[in-house]
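Geometric and topological summary
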Amino acid sequence: MRAVFRYLFSALAIFSSGRVLAQAAADAPVDVALIVSIDVSGSVNAQRYQLQMDGVAGALEDAAVDAAILGGPHRSIMFALVEWSEGAKTVVPWTRLASQADISALAARVRRTPRTPGEFTCVAHMMAYVHDLVVPTLPVAASRVVMDVSGDGIDNCDGDDATAALRDELVATGLTINGLPINEGDPNEPLRAGAFRAPGRPFENRMRIAGVIQTLEPWYRNYVIGGDAAFLLPAHGYGDFSEAIRQKFTMEISAIPRRPTGPAIRRRESANNRAAPGRS
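Summary of the structure given here. (Residues numbered from 1 in each chain as written. Predicted model: local features only at pLDDT ≥ 70, side-chain atom pairs only at ≥ 80, totals over all residues. Heavy atoms only, no water.)

On a plain count of helices and strands, the protein comes out with 9 helices and 10 strands. The buried share of the protein, reckoned over its 280 residues, is 45%. Within the protein, contacts between residues separated by at least 24 positions form 78% of all contacts whose residues are at least 6 apart in sequence. For the protein, the exposed area adds up to about 13500 Å²; of that, 57% sits on carbon and sulfur atoms. (Helix = DSSP H or I, 4+ residues; strand = E, 2+ residues; numbered from the N terminus. Buried < 20%, exposed > 50% of the residue type's maximum accessible area, 1.4 Å probe, protein only. Contact = heavy atoms within 4.5 Å. Areas by Shrake-Rupley, 256 points an atom, 1.4 Å probe, with all protein chains shown as cover.)

Shown next as structure tokens:
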């Protein structure tokens, strides 16, 4: 009988120890908490949506990204995915990535995530949602918190001042916001010629604001990105999204303050040089 009790006591001790270790692992800090914020407004058709989701999943499966995820001091990160238009929704809640199995499972989950319906491009709405409902729910301490915002248009709900104000509120929490503007066509062409009507608002002309013709990259630079070492890395259309997001993930997770390289960057540099032939 004593042997039975000793066996049960030992088994209980092992079980309790395992629970303590599992809880300690779940509570352990991470190197980065990464929020990926994806545009699902009316300009994003089914093909463009899938290109974005496949791009995020493919980036997670990239060897350099995986090395960054598992190679930091804590060997883990937290990841969340938000889809936004006139509203925002967390389609992948905070998920710890601490092994290759974790990363593979997340990539598969991203690929099969159904699209959240939407029409308008409400960047400020998304930022308010992230400020109130995503950042405060981060379950563990993170050395850095980064949000990656991608989209193909400017805010047509609340305007520039509201977007910048909410950007500043997020940055004040210690968050860094990086931008991935998706340029369809010539990035120097004015955005969205004509009028817009955000939900519950009158029509207004959004081509010119304060006398400035709006183009996507400068708008992201002025009103979206912010925080420590924030940067902009545009995609030349949705077909370039996969390469751009892969490079961004590598930089954001590893926090290497370097200039991005690779075919997509060379294409971007070539396009910029053609647009500015006098640049030395």
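Summarising the element assignment, G237 is placed in the loop between β10 (235–236) and α8 (241–254). On the basis of relative accessible area, G237 is assigned to the buried category, the value being 7%. Leave out the neighbours within four places in its chain, and G237 touches I182, N183 and E184.

We now examine the environment of P29. Structurally, P29 can be placed in the loop between α1 (2–27) and β1 (30–39). For the pair P29 and H74, spaced 45 residues apart in sequence, the C-alpha to C-alpha distance is 6.9 Å. Residue contacts for P29: discarding those within four places in its chain leaves H74, S76, R96 and A141.

The next thing to look at is the sheet that holds strand β3 (residues 88–97). Taken in spatial order, the 6 strands of this open sheet run β3-β2-β1-β4-β5-β10, and their pairing is mixed. Unpaired on one side and paired on the other, β3 and β10 mark the two borders of the sheet. Taken together, the 8 bridges between β1 and strand β4 (residues 142–151) define a ladder with parallel strand orientation. Across the sheet, V30 pairs through a bridge with A142, a residue of β4. Helix-sheet contacts for helix α5 (residues 123–134) involve β1, β2 (77–84), β3, β4 and β5 (175–183), and the interaxial angle to β3 is about 45 degrees. (Pairing = 2+ DSSP bridges. Axes fitted to C-alpha atoms, helices over the stretch in contact; angles between N-to-C directions.)

This part takes up helix α2 (residues 46–60). Under the 1.5 Å per step criterion, the end-to-end length of α2 is 21 Å for 15 residues, consistent within 8% with the ideal 21 Å. Listed as buried for α2 are Y49, Q52, M53, G55, V56, A57, A59 and L60. You can read the cap of α2 off the contacts: a side-chain oxygen lies 3.2 Å from the backbone nitrogen of Q47, and it is on N45. (Expected span 1.5 Å × (residues − 1). Polar contact = N/O pair within 3.5 Å; in protein donor to acceptor, adjacent residues only side chain to side chain.)

Counting buried positions along β4 yields 7 of 10 residues, so the element is predominantly enclosed. In this sheet, β5 lies alongside β4 in parallel orientation, the contact comprising 7 bridges. Looking at β5, one finds that V145 is bridged to L175. On the question of chirality, the crossover connecting β4 to the parallel β5 by way of helix α6 (residues 159–172) is right-handed. (Right-handed = clockwise from strand over helix to strand, strands pointing away.)

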